[in-house]
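Listed below are the residues making up each chain.
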Amino acid sequence: MKITTFNRSFFLIYLGLIISISGCKITLVPSYDAQIKEQIESTSKEIDRFYLTMMDKTTNSEGGRSYEQFREGYINIEVELLSLLKKNRVRPLNTHSTRIGEITLELWRKYKQEHKEDNAIPDGLIKLNMLAMSDLFYAMLIAEKGKELAENPPAN
Amino acid sequence: MNFDINEVLFQMVGAIKQNVGENWDEVRNPANVFLQNRKERLALLAELLISKEITQERFDSRMEDEKLIAEAHFHAIAVISKAIAQRAANAAIDIFQKAVKTALNVAN
């Protein structure tokens with residue numbers, strides 16, 4: 001009788017252990033979202049096209065690079081950056097990607113404002129802006145890659 | 001306050017290296033790209049100042065931007081490091097779960 005009670009208790013402890021650890025996963029980063037990654041890539045491409053068009057198709061002479069010529073492009077890209085930031089903000093455990101998004105938006109707005117104030121932009125500054133944005137988008141992609149990495153089991 | 005971005009990144013990457021083991025490449029590759037990209041931007045920035053395409057004020061302002069860009073790099077590397085830690089922890093939990101399940105089967 002005593003042995004049967006002991007076995008039953010032991011079994012229940014074991015069962016409890018299994019229940020408590022099954023499905024138990026450590027979560028440090030948000031789950032991977034392929035749609036966000038796609039949006040990062042498409043926005044990055046849009047920014048490259050925006051700056052390359054500015055550099056290749058226009059010059060500062062006769063107001064060819066006046067802010068007004070590019071206002072719509074600036075707005076369209078800012079809309080995408082805001083959309084990305086909102087999507088990042090609502091995801092739990094996502095402070096790192098959110099901060100990268102905030103920095104990107106802050107610098108995008110700063111460079112837009114500079115263009116607005118100068119009403120012109122030299123080639124060198126276009127290149128510099130493009131490099132800065134490209135690097136920030138690379139940081140966003142690396143963060144997304146991290147999320148993807150977290151979901152894949154390590155190779156043995 | 002003296003803040004050397006390169007030094008901070010090197011120290012950060014070095015600290016991560018000690019903890020990520022075989023996943024070191026996952027951190028090293030983006031860190032190298034970040035360093036290379038910054039080098040390219042700083043060279044261009046210096047060129048623009050020397051050729052007077054930008055003012056000293058704008059140069060200083062862009063140097064401030066470099067701190068923000070470096071912060072973005074640190075956040076990206078932090079995600080990779082956390083992802084590696086998460087993967088390793090969950091792999092360990094899986095092994096533990098399997099071991100307990102096997103022990104249970106043996107007991108039955």
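Every value quoted in this text rests on a predicted model; they were computed, and no experiment measured them.

Observations regarding the interface of chain A and chain B
Piece 1. On the chain B side, the residues contacting the 46 residues of chain A number 45 residues.
Piece 2. With both chains or domains summed, chain A and chain B bury close to 4,300 Å², and 66% of this area falls on carbon and sulfur atoms.
Piece 3. Among the residues of chain A in contact with chain B, H96, D135 and L149 of chain A are the three that bury the most area, contributing 15% of the side total.
Piece 4. The interface formed by chain A and chain B includes seven salt bridges.
Piece 5. The partner of D135 of chain A in a salt bridge is R41 of chain B, and the shortest N-O contact between them spans 2.8 Å.
Piece 6. Remark: the boundary between chain A and chain B carries 17 residue pairs in polar contact (both at pLDDT 80 or more).
Piece 7. Broken down by secondary-structure element, the contributors of at least two residues to the side of chain A that touches chain B are α1 (2-21), α4 (95-118) and α5 (123-151) of chain A.
Piece 8. At 19 residues, α5 of chain A tops the list of elements feeding residues into the side of chain A that touches chain B.

Considering helix α2 (residues 34-57) of chain A
All names here are of chain A.
Piece 1. The end-to-end C-alpha distance of α2, which contains 24 residues, comes to 34 Å, matching closely the 34 Å that a straight helix rising 1.5 Å per residue would cover.
Piece 2. Considered for burial, the residues of α2 that qualify are I36, Q39, I40, T43, S44, I47, F50, Y51 and M54.
Piece 3. Contacts made by the buried residues of α2 are with α3 (67-90), α4 and α5.
Piece 4. Its side-chain oxygen 2.9 Å from the backbone nitrogen of Q35, D33 forms the N-cap of α2.

Focus: unusual backbone geometry
With the exception of glycine, the majority of residues adopt a negative phi angle, and the majority of peptide bonds are in the trans configuration.
Piece 1. With phi around 55 degrees, N119 of chain A is a residue other than glycine that occupies positive phi space.
Piece 2. Structurally, N119 of chain A is set in the loop between α4 and α5.
Piece 3. Residue N119 of chain A is classed as partly exposed on the basis of its relative accessible area, which comes to 42%.
Piece 4. If you check the backbone angles, K52 of chain B has positive phi at about 60 degrees while not being a glycine.

What about the confidence of the model for chain A?
Piece 1. Here chain A averages 89 in pLDDT, while 83% of its residues score no lower than 70.
Piece 2. Element-level mean pLDDT values for chain A span from 61 in α1 of chain A up to 98 in α4 of chain A.

Focus on the confidence of the model for chain B
Piece 1. For chain B, mean pLDDT is 84; residues scoring 70 or higher make up 82% of the total.
Piece 2. Model confidence for the complex: the whole-complex pTM is 0.83, and ipTM, which rates the interface, is 0.84.

A word on the environment of Y138 of chain A
Piece 1. Tracing the backbone shows Y138 of chain A in helix α5.
Piece 2. Classification of Y138 of chain A as partly exposed rests on a relative accessible area of 24%.
Piece 3. Along the chain, Y138 of chain A and E41 of chain A lie 97 residues apart, while their C-alpha atoms are 9.2 Å from each other.
Piece 4. If we ignore the near neighbours within four places in the chain, the residues touching Y138 of chain A are N29, P30, V33 and F34 of chain B.

Here's the deal with the packing of α2 of chain A against α3 of chain A
All names here are of chain A.
Piece 1. Where α2 meets α3, the closest approach of the two axes is 11 Å, and the angle between their N-to-C directions is 160 degrees. On the basis of the axis angle, α2 is roughly antiparallel to α3. The crossing of α2 and α3 is left-handed. In contact with I36, Q39, I40, T43, E46, I47, F50 and M54 of α2, α3 contributes F70, G73, Y74, N76, I77, E80, L81, S83, L84, K87 and N88.
Piece 2. By residue class, the composition of the contact of α2 with α3 is 10 nonpolar, six polar and three charged.

What counts, and where the lines are drawn
- Residue numbers restart at each chain and count upward from 1, following the sequence in its written direction.
- Ligands are numbered from 1 and chains lettered from A, in the order in which they are written.
- The predicted origin of the model limits local features to residues at a pLDDT of at least 70 and limits the giving and counting of side-chain atom pairs to 80 or more, whereas totals for whole chains, interfaces and linings rest on all residues.
- By convention in this description, side-chain values take in all heavy atoms of the structure and omit both hydrogens and water.
- By definition, residues are in contact when any of their heavy atoms lie within 4.5 Å.
- When two parts are brought into contact, each loses some accessible area as probed by a 1.4 Å sphere; the total of that loss over both is the buried area.
- Definition used for salt bridges: Asp or Glu carboxyl oxygen within 4 Å of a side-chain nitrogen of Lys or Arg.
- Think of a polar contact as two N or O atoms within 3.5 Å of one another; within protein, one of them needs to be a possible hydrogen donor and the other a possible acceptor, and neighboring residues in sequence only count if both atoms come from side chains.
- To qualify as a helix, a DSSP run of H or I must reach at least 4 residues; to qualify as a strand, a run of E must reach at least 2; elements of each kind are numbered from the N terminus.
- A helix is expected to reach a length of 1.5 Å times the quantity of its residues less one.
- Type-normalised accessible area, obtained with a 1.4 Å probe on protein chains alone, sets the label of each residue: buried when under 20%, exposed when over 50%, and partly exposed for intermediate values.
- Across the chain, each position has a pLDDT score giving the predictor's confidence in that residue, from 0 to 100.
- All axes here are fitted lines through C-alpha atoms, helices being fitted over the stretch that makes contact, and every angle between N-to-C directions spans 0 to 180 degrees.
- Orientation labels follow simple angle bins: below 35 degrees gives roughly parallel, above 145 gives roughly antiparallel, 65 to 115 gives roughly perpendicular, and whatever is left gives oblique.
- By convention, the crossing between two helices is left-handed when the near helix turns anticlockwise from the far helix through less than a right angle, and right-handed when the turn is clockwise.
- Following the grouping adopted for this structure description, the nonpolar residues are Ala, Val, Leu, Ile, Met, Phe, Trp, Tyr, Cys and Pro, the charged ones are Asp, Glu, Lys and Arg, and the polar ones are all others, Gly among them.

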